[in-house]
Amino acid sequence: MKYLTILCILLSFTSCREEEPGPKPHTLKDAFSESFIMGVAVNKAQYTSEEIEATNIVHKHFNSITAENSMKWQYISPEQGKFNFSDADTFVTFGDTNNHKIIGHTLVWHSQLPEWIHSITDSATLRNIMYTHIDTVAGRYKGKIHGWDVVNEAFNNDGSFRDTIFYKYLGESFIEEAFIRAEQADSTAELYYNDYNMTFEGKRNAVISMIQTLQEKNIRIDAVGMQGHWNLEHPSIEEIETSIIAYANAGVDVMISELDISVLPRGENPYEQELPEQIENQLSERYKSLFQLFYKHRDKISRVTIWGVHDGQSWLNNHPIDGRTDYPLLFDRNYKAKNCVNAILNIF
Ligand code: G3I
């Protein structure tokens, strides 16, 4: 009887231990290792380890990197017919050596194009140049890139086509052509469409219809990137959720590809010295709700990438006006993890 009692106590202790949650993860990549890839955008100082404190954060918390600028057309081909791969090569070697999944950003985008492209005024020349660019760039890194942002920001918020040089001379089919060419150049890479304001109904419908067109023509598209340049209130969690579900229902993976949360009222610069505690708490809550949502939909989401390592680096310090002090990222200007990081890790 005594032995039976002891056995019962031991059994209940064991089952009780099994129900306890595991230890809280210490890093973002560990927290979501079973859910999705955890990425970050890096700049040159970070992938050359010149800004070593930031590089250390990249290795500790993330398992994927996107070049914030170094793979853009403007930098890779500043002169017509010539390619300069020195920075992009360093970036890819850094990712490869450190076992990060490397995201190629971006092959066809109307912004950050070299000046010379704008002198082209006929479709045959532009098509030839777009094909050569995709072949050369995606071909060079064949087998090393986890996924390419093949086409970036082709639609307006209402779903109409953005008036770009590609649309002007090649028409709607430039998207299909780019995806076909990227598949031919590197069939091992995933292929993505990437855009902001992907929660807007007009843009969402246009992107879904583009996905369907590609699928009907057997042109591969693996995922869409909802960039995620958001603020403390907008878009709402419900709006984001509706869109994640809608894109997933169209048969592609969803990525949050450029996440940052601006805390500044548009056009103002009220927190030059420091971020008030109340706003910092709001930011933590916002990040927590977002990651709860991403975790809930981890069967649909393949990657979440934060658009920059630390607040000092963020493009939002110069947008929409120069010289602001924004606090949109997870690490502060002294490379310290902000409360947001704990708020996210505390989900577990
Ligand atoms: O290259 C020049 C350099 O020569 C000069 O010394 C320096 C001085 O300001 O400027 C450099 O260019 C800047 C470039 O970033 C590299 O630092 C540009 O002025 C600046 O406008 C550019 O901003 C980038 C922006 O894309 C351009 O559109 C941001 O860093 C980058 O975060 C941002 O990223 C985009 C994504 O690619 C696509 N989705 C939206 C996202 C935010 O705009």
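Computed from a predicted model, the values in this text were never measured in an experiment.

Q: Any details on the packing of helix 10 (residues 201-216) against helix 11 (residues 237-249)? Residues and values, ideally.
A: Taken N-terminus to C-terminus, the directions of helix 10 and helix 11 make an angle of 15°; their axes are 10 Å apart at the nearest point. It follows from the interaxial angle that helix 10 and helix 11 lie roughly parallel. Relative to helix 11, helix 10 is oriented so that their crossing is right-handed. Note on element contacts: helix 11 touches helix 10 through Thr242, Ser243, Ala246 and Tyr247, opposite Arg204, Val207, Ile208 and Ile211.

Q: Help me get a handle on the packing of helix 7 (residues 123-140) against helix 9 (residues 174-185), residues and values and all.
A: Direction vectors running N to C along helix 7 and helix 9 enclose 35°, while the axes themselves pass 9 Å from each other. Considering the relative orientation of helix 7 and helix 9, their crossing is right-handed. Listed contacts from helix 9 to Arg127, Met130, Tyr131, Ile134, Asp135, Ala138 and Gly139 of helix 7 are Phe174, Glu177, Ala178, Arg181, Ala182 and Ala185. Here the contact of helix 7 with helix 9 is built from residues that sort into eight nonpolar, one polar and four charged.

Q: Mind laying out helix 6 (residues 86-97), listing which residues take part and the relevant values?
A: A rise of 1.5 Å per residue sets the reference length of helix 6, with its twelve residues, at 16 Å; its end C-alpha atoms lie 16 Å apart and thus fit the reference within 8%. Taken together, the buried positions of helix 6 are occupied by Ala88, Phe91, Val92, Phe94 and Gly95. Looking straight down helix 6, one finds its buried side chains confined to an arc of 155°; they lie on one side. Among the structural elements, strand 1 (37-42), helix 3 (44-47), helix 4 (52-61), strand 2 (64-67), helix 5 (73-76) and strand 3 (101-109) are those in contact with the buried residues of helix 6. A positive phi of about 65° marks Asn99, the residue just after helix 6.

What counts and what doesn't
- Residues numbered from 1 in each chain as written.
- Predicted model: local features only at pLDDT ≥ 70, side-chain atom pairs only at ≥ 80, totals over all residues.
- Heavy atoms only, no water.
- Axes fitted to C-alpha atoms, helices over the stretch in contact; angles between N-to-C directions.
- Helix = DSSP H or I, 4+ residues; strand = E, 2+ residues; numbered from the N terminus.
- Parallel < 35°, antiparallel > 145°, perpendicular 65-115°, else oblique.
- Left-handed = near helix turned anticlockwise from the far one by under 90°.
- Contact = heavy atoms within 4.5 Å.
- Nonpolar A, V, L, I, M, F, W, Y, C, P; charged D, E, K, R; others polar.
- Expected span 1.5 Å × (residues − 1).
- Buried < 20%, exposed > 50% of the residue type's maximum accessible area, 1.4 Å probe, protein only.
- Arc of directions from axis to C-beta.

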